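# A look at the structure
If you want the building blocks of each chain, they are given just below.
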Amino acid sequence: MNDTDKKISLIKRNAKEIVTEDELRELIRGNSSPTTYVGYEPSGTLHLGHLLTANKLIDLQKAGFNVKILLADLHAYLNEKGSIKDIRETAEMNKDFFLAYGLEEDKTEFVLGSEYQLDEDYIMDVYELSLNVTLNRARRSMDEVSRRKKNPIVGQMLYPLMQAADIGFLGIDLAVGGIDQRKIHMLAREILPKIDYNPPICLHTPILTGLDGKKMSSSRENWIDLSDSPEEIEEKINDAYCPKEQIKDNPVIEIMKYHIMPRYDEITIERPEKYGGDLNYSSFHGLKQDYLEGELHPLDLKKSVTIYLNEVIEPARKKVGGL
Ligand SMILES: Nc1ncnc2c1ncn2[C@@H]1O[C@H](COP(=O)(O)OP(=O)(O)OP(=O)(O)O)[C@@H](O)[C@H]1O
Ligand SMILES: N[C@@H](Cc1ccc(O)cc1)C(=O)O
């Protein structure tokens, strides 16, 4: 494998899609330090779902990308997440969480949305974009992001235009987000060239299933986050939905796949001799096969996920605890 192929395979790992891989290859060949970003509406809980995108940023850092994290305070405000003062305080806390989680401090630039989103040039970009997007299209792009499904407000129309403008304004080559960001990203690819910015390449991560088998979300109380103690994690994993021989919508399998396996060359599932002894896996493929065939039992999986997840989270937990 040449250097470009190695980077591409790291970037593709556990991604749901890249739009497009050819453009990514061209970018990596032609630019030794391209720029990527994820934007987050500041949130009181940064759960393992949010951290899927942070894992991808860590991979991208290893592949030579400059990483920006946008703490999107004005977006959260427009999405009715609270007062601007409270949102900004939460943004400050989130910054520490990301660094604690493993992003390299000197290679990660944090940007608060309102630091530049009130500048004249940025606002002119948003206005120009607004002349290129129908109400219907703006509304549809927000289907999976907006809090408010009925009676949309104008704030919801500004939101995707601003997200597109961010990508242009911050000089982003590769925009990363959960697959729920897809429609906004596709809109950005289409409209940014109309105001003389390059269309971004987009990478989407899967959506992590919560402990109850539904999307992990701070409003469902079905999450694990960095402030959970080892005892809480043990209890949560023990009680988690984990159907036998089923991979789909199985949060314990997903935690193993997305949060644990990328951090180890090989993992061991400890099992008493009488049940066949320890199992070792260096790829998710082998583990998946064994689980589907009933060779790996949910209880053994849960025990190992508890041990490894605690190990993965420990450094961050210490830092966050000491803040
Ligand atoms: N369960 C999840 N799995 C994967 N990514 C997620 C998950 N929840 C949120 N994200 C991602 O985190 C980023 C920030 O999303 P945002 O803060 O709006 O989350 P949200 O969907 O409102 O979550 P919550 O319901 O927990 O508040 C987005 O890129 C989104 O795709
Ligand atoms: N739309 C993202 C937040 C975001 C805001 C602005 C951006 O430029 C990027 C991302 C979310 O759902 O949380």
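Residues numbered from 1 in each chain as written. Chains lettered and ligands numbered in written order. Predicted model: local features only at pLDDT ≥ 70, side-chain atom pairs only at ≥ 80, totals over all residues. Heavy atoms only, no water.

Going by what an unreviewed UniProt entry lists, the protein is known as Tyrosine--tRNA ligase and is assigned to Methanohalarchaeum thermophilum. Recorded in UniProt under Subcellular location (unreviewed entry), the annotation for the protein is "Cytoplasm". (UniProt positions renumbered as here; feature names shortened; annotations may be inferred.)

### Comments concerning the pairing of strand S2 (residues 35-40)
S2 sits mainly inside the fold: 5 of its 6 residues count as buried. With 6 bridges connecting them, S2 and strand S3 (residues 66-71) associate as parallel partners. Across the sheet, the residue bridging to Tyr-40 is Leu-71, located in S3. Where S2 and strand S5 (residues 174-178) come together, 2 bridges link them in parallel fashion. Of the residues in S5, the one forming a bridge with Tyr-37 is Ala-175. (Buried < 20%, exposed > 50% of the residue type's maximum accessible area, 1.4 Å probe, protein only. Helix = DSSP H or I, 4+ residues; strand = E, 2+ residues; numbered from the N terminus. Pairing = 2+ DSSP bridges.)

### Re the site of ligand 2
Around ligand 2 sit Tyr-37, Gly-39, Glu-41, Leu-70, Ala-72, His-75, Val-145, Tyr-159, Gln-163, Asp-166 and Gln-181, and those are all the residues in its vicinity. Between an oxygen atom of ligand 2 and a side-chain N or O atom of Tyr-37, the distance comes to 2.7 Å. Between ligand 2 and the protein, one listed contact pairs a nitrogen atom with a side-chain N or O atom of Tyr-159 at 2.8 Å. In the complex, 89% of the free accessible area of ligand 2, which totals 340 Å², lies under the protein chains. Judged by its atoms lying within 2 Å of the grid points, ligand 2 is housed in the largest pocket. For the shell around ligand 2, the secondary structure elements donating two or more residues are S2 and helix H9 (154-169). Broken down by element, the residue count for the shell around ligand 2 peaks at 3 residues, all from H9. Split by residue class, the shell around ligand 2 holds 5 nonpolar, 4 polar and 2 charged. (Near = heavy atom within 4 Å. Polar contact = N/O pair within 3.5 Å; in protein donor to acceptor, adjacent residues only side chain to side chain. Areas by Shrake-Rupley, 256 points an atom, 1.4 Å probe, with all protein chains shown as cover. 1 Å grid on protein atoms, 1.4 Å probe; cavity = no way out; pocket = protein on both sides within 12 Å on 5 of 7 lines; lining within 4 Å. Sits in = over half its atoms within 2 Å of the grid points. Nonpolar A, V, L, I, M, F, W, Y, C, P; charged D, E, K, R; others polar.)

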